Amino acid sequence: MSMTMNEPMTAEDRQAIVEAVRDFTQARIAPGSLERDAQAIFPRDILAEAGELGLGGIYVRESSGGTGLQRLDAALIFEQLAVGDPTLAAYISIHNMVAWMIDTYGTDAQREQWLPRLVSMTDFGGYCLTEPGAGSDAAAITTSAIDDGDEYVITGVKQFISGGGEAAVYVVMARTGEPGARGITAFLVPGDADGMSFGPLEKKMGWNSQPTRQVILDEVRVPASAVLGAIGSGFKIAMSGLNGGRINIAACSLGGAQFALDRAVTYVQERFTFGEPLAEKQSVVFTLADMATELRAARALVRDAARAIDEGAEDAALQCAMAKRFATDVGFRVANDALQLHGGYGYLHEYGIEKVVRDLRVHQILEGTNEIMRVIIGRDLLGTH
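Residues numbered from 1 in each chain as written. Predicted model: local features only at pLDDT ≥ 70, side-chain atom pairs only at ≥ 80, totals over all residues. Heavy atoms only, no water.

**Overview of helix α5 (residues 86-105)**
With 20 residues, α5 extends 28 Å between its outermost C-alpha atoms, agreeing within 8% with the 28 Å of an ideal straight helix rising 1.5 Å per residue. Where burial is concerned, most of α5 is hidden: 18 out of the 20 residues are buried. Capping the start of α5 is the job of one residue whose side-chain oxygen sits 3.1 Å from the backbone nitrogen of Thr87: Asp85. (Helix = DSSP H or I, 4+ residues; strand = E, 2+ residues; numbered from the N terminus. Expected span 1.5 Å × (residues − 1). Buried < 20%, exposed > 50% of the residue type's maximum accessible area, 1.4 Å probe, protein only. Polar contact = N/O pair within 3.5 Å; in protein donor to acceptor, adjacent residues only side chain to side chain.)

**Quick notes on the pattern of salt bridges**
Pairs can form between side chains of opposite charge whenever their charged atoms are close. Counted under the stated rule, the structure contains 23 salt bridges. Across the pair Glu166 and Arg44 runs a salt bridge whose closest N-O atoms are separated by 2.6 Å. Placement of the pair is Glu166 in the loop between β3 (151-162) and β4 (169-175) and Arg44 in helix α3 (residues 44-52), with a sequence separation of 122 residues. Relative accessible area serves as the criterion here: at 22%, Glu166 is assigned to the partly exposed category. Judged by its relative accessible area of 44%, Arg44 is partly exposed. (Salt bridge = Lys/Arg side-chain N within 4 Å of Asp/Glu carboxyl O.)

**Topic: unusual backbone geometry**
In this structure, Met121 takes a positive phi of about 60° despite not being glycine. Along the chain, Met121 turns up in the loop between α6 (108-119) and β1 (125-128). A residue is classified by how much of its surface remains accessible, and Met121, at 1% relative accessible area, is buried. A positive phi angle is found at Glu367, which is not glycine, with a value near 60°. Note that Glu367 resides in the loop between α10 (353-361) and α11 (370-382). The exposure class of Glu367 is buried, given its relative accessible area of 16%.

**Let's talk about the pairing of β4**
With seven of seven residues buried, β4 is to be regarded as a mostly interior element. Residues Val169, Val171, Met173 and Arg175 point to one face of β4 and Tyr170, Val172 and Ala174 to the other, with burial holding for every one of them. Here β1 runs beside β4; their pairing, made up of four bridges, is parallel. If you follow Gly125 over to β4, its bridge partner there is Val169. (Pairing = 2+ DSSP bridges.)

**Some points on the state of the cysteines**
Counting across every chain of the model gives zero disulfides. Distance from the sulfur of Cys252, which forms no disulfide, to the nearest cysteine sulfur (Cys320) is 14 Å. Assessed through its relative accessible area of 0%, Cys252 is described here as buried. Relative accessible area serves as the criterion here: at 0%, Cys320 is assigned to the buried category. (Disulfide = S-S within 2.5 Å.)

**Section: the packing of helix α7 (residues 234-270) against α10**
α10 packs onto α7 with a crossing angle of 160° between their chain directions and a minimal axis gap of 10 Å. In terms of orientation, α7 lies roughly antiparallel with respect to α10. Where α7 crosses over α10, the handedness of that crossing is left-handed. Across the interface between the two elements, Cys252, Ser253, Gly256, Ala257, Phe259, Ala260 and Arg263 from α7 touch Ile353, Val356 and Leu360 from α10. (Axes fitted to C-alpha atoms, helices over the stretch in contact; angles between N-to-C directions. Parallel < 35°, antiparallel > 145°, perpendicular 65-115°, else oblique. Left-handed = near helix turned anticlockwise from the far one by under 90°. Contact = heavy atoms within 4.5 Å.)

**A look at helix α9 (residues 316-341)**
Every α-helical turn comprises 3.6 residues, leaving residues that sit three or four positions apart pointing alike. In a regular helix each residue adds 1.5 Å, so 26 residues correspond to 38 Å; α9 covers 36 Å between its end C-alpha atoms and thus fits that length. Trailing α9 by a residue or two, Gly343 shows a phi angle of about 60°, which is positive.

**Section: the side chain of Arg246**
As for its placement among the helices and strands, Arg246 is situated in helix α7. No salt bridge is formed by the buried Arg246. Its closest oppositely charged neighbour is Glu367, at 5.7 Å. Excluding anything up to four places from it in sequence, Arg246 contacts Cys320, Lys324, Glu367, Gly368, Met373 and Ile376. (Lys, Arg positive; Asp, Glu negative; His and termini not counted.)

**Things to note about the pairing of strand β2 (residues 144-148)**
Examined bridge by bridge, β2 and β3 share five bridges and lie antiparallel to one another. Across the sheet, the residue bridging to Ser144 is Thr155, located in β3. Turn length for the β2-β3 hairpin, with the two strands adjacent in sequence and antiparallel, is two residues, and the turn residue Gly149 shows positive phi of about 75°.

**Observations regarding the layout of surface pockets**
In this structure, the largest pocket encloses a volume near 960 Å³. Elements with a contribution of two residues or more to the lining of the largest pocket: α5, β3, α7 and α10. Broken down by element, the residue count for the lining of the largest pocket peaks at five residues, all from α7. Per-class residue counts for the lining of the largest pocket are 18 nonpolar, nine polar and six charged. (1 Å grid on protein atoms, 1.4 Å probe; cavity = no way out; pocket = protein on both sides within 12 Å on 5 of 7 lines; lining within 4 Å. Points joined across faces, edges and corners; volume = space filled by probe spheres on them. Nonpolar A, V, L, I, M, F, W, Y, C, P; charged D, E, K, R; others polar.)

**Notes on the nonpolar core**
Counting 92 residues, the largest nonpolar core has Phe78, Leu81, Tyr127, Val171 and Met173 as the members making the most contacts within it. Broken down by element, the residue count for this core peaks at 16 residues, all from α7. Ignoring anything within four residues of it in the chain, the contact list for Tyr127 reads Met97, Val98, Met101, Ile161, Val171, Met173 and Ala238. Ranked by size, the runner-up nonpolar core spans 19 residues in total, among them Cys128, Phe187, Val220 and Val222. (Core = buried A, V, L, I, M, F, W, Y, C linked by side-chain atoms within 4.5 Å.)

**What to know about the packing of helix α4 (residues 71-84) against helix α8 (residues 282-311)**
One can describe the packing of α4 onto α8 by two numbers: an axis separation of 7 Å at closest approach and a directional angle of 145°. Together, Arg71, Leu72, Ala75, Leu76 and Glu79 of α4 and Arg299, Val302, Arg303, Ala306, Arg307, Ile309 and Asp310 of α8 make up the contact between the two elements. Tallied by class, the residues present in the contact of α4 with α8 amount to six nonpolar, no polar and six charged.

**A closer look at the packing of aromatic side chains**
Considering all chains together, one arrives at eight aromatic pairs under this definition. These aromatic residues form a ring-pair network of at least three members: Phe42, Tyr91 and Phe124. When the ring centre of Tyr59 is taken as origin, the NZ or CZ atom of Arg71, which lies over that ring, is 3.8 Å away. Over the aromatic face of Phe332 sits the side chain of Arg361, whose NZ or CZ is 5.8 Å from the ring centroid. (Phe/Tyr/Trp six-rings, centres within 6.5 Å; stacked < 30°, edge-to-face > 60°. Lys NZ or Arg CZ within 6 Å of the ring centre and 35° of its normal.)

Quick look at the structure:
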């Protein structure tokens, strides 16, 4: 899977990558996904195997030990992973964003300290932006980082942190200056830092096999060398990660929805009602046709937006907002329709459909709610952004 970002990727190369990830997904991720969901198992061993395949630093530069692929390649990869388990695919995407931030904005010393074990997924990364009182309005965070000579003292609470309590390093956004976006700085905080603790595991609707906790920082001291990027550039770093994050989570929606659609297509041909297969009912045929059409349209939007990031297109943020809004809405709708086509069986855990419905629901909320995506799109159209 190793290629430099500047080498032209052929269709054959991409197909080989997709097939390798598909094989890994079918062999290691899909089996046990229902058990992991039911028992809230965080599969560290499977993640380490994913790291061996190059999935811990998908778009980390090769010179930093990563796989060095493009965002389009990443979208294809996350879609395939999500066919096996959207929860695990989404966690790998968040981990990759942390590794990418360190590679992109970090010093040589920070890269050397953190990237080898992040890329191999023997260690995990966490991302701490959201707070109990600051979600969509991310610039309103109140976690503080006070300059104390050659150290910073960080105090605050971060909410809904994937991998909370498991990560070896957290990218923590904290306020070092004035109110608003310009006063925010990013820090690399070790998971075992004195003064850092974690809330209990959140009991969630879905995403059960990745731990979600509050991250509590109580006068956590970090050296000035823990600043990621420049003082006051934290919000810019956070926003730069969102375009890719939105494409990644959209791709995860595609994969989960494709799993549900495939299961529905099989089920309606096997299930007989009133003396004939469900597939003979025109309403069922039309439902499947709409599911497949919308899913293909969503896939096209996601891949176009990923290319826009790779090419540095001026409207990349707009395209990513459109793709995220559309693909996560479509993904949930397709999964929900697949459940309906399964009837009562779709409501049973063992069929795997209700898990996908639960997992995909949160994709419409995180990486910027779909309402915020509409704000971004509308303001761009009106020239008021």
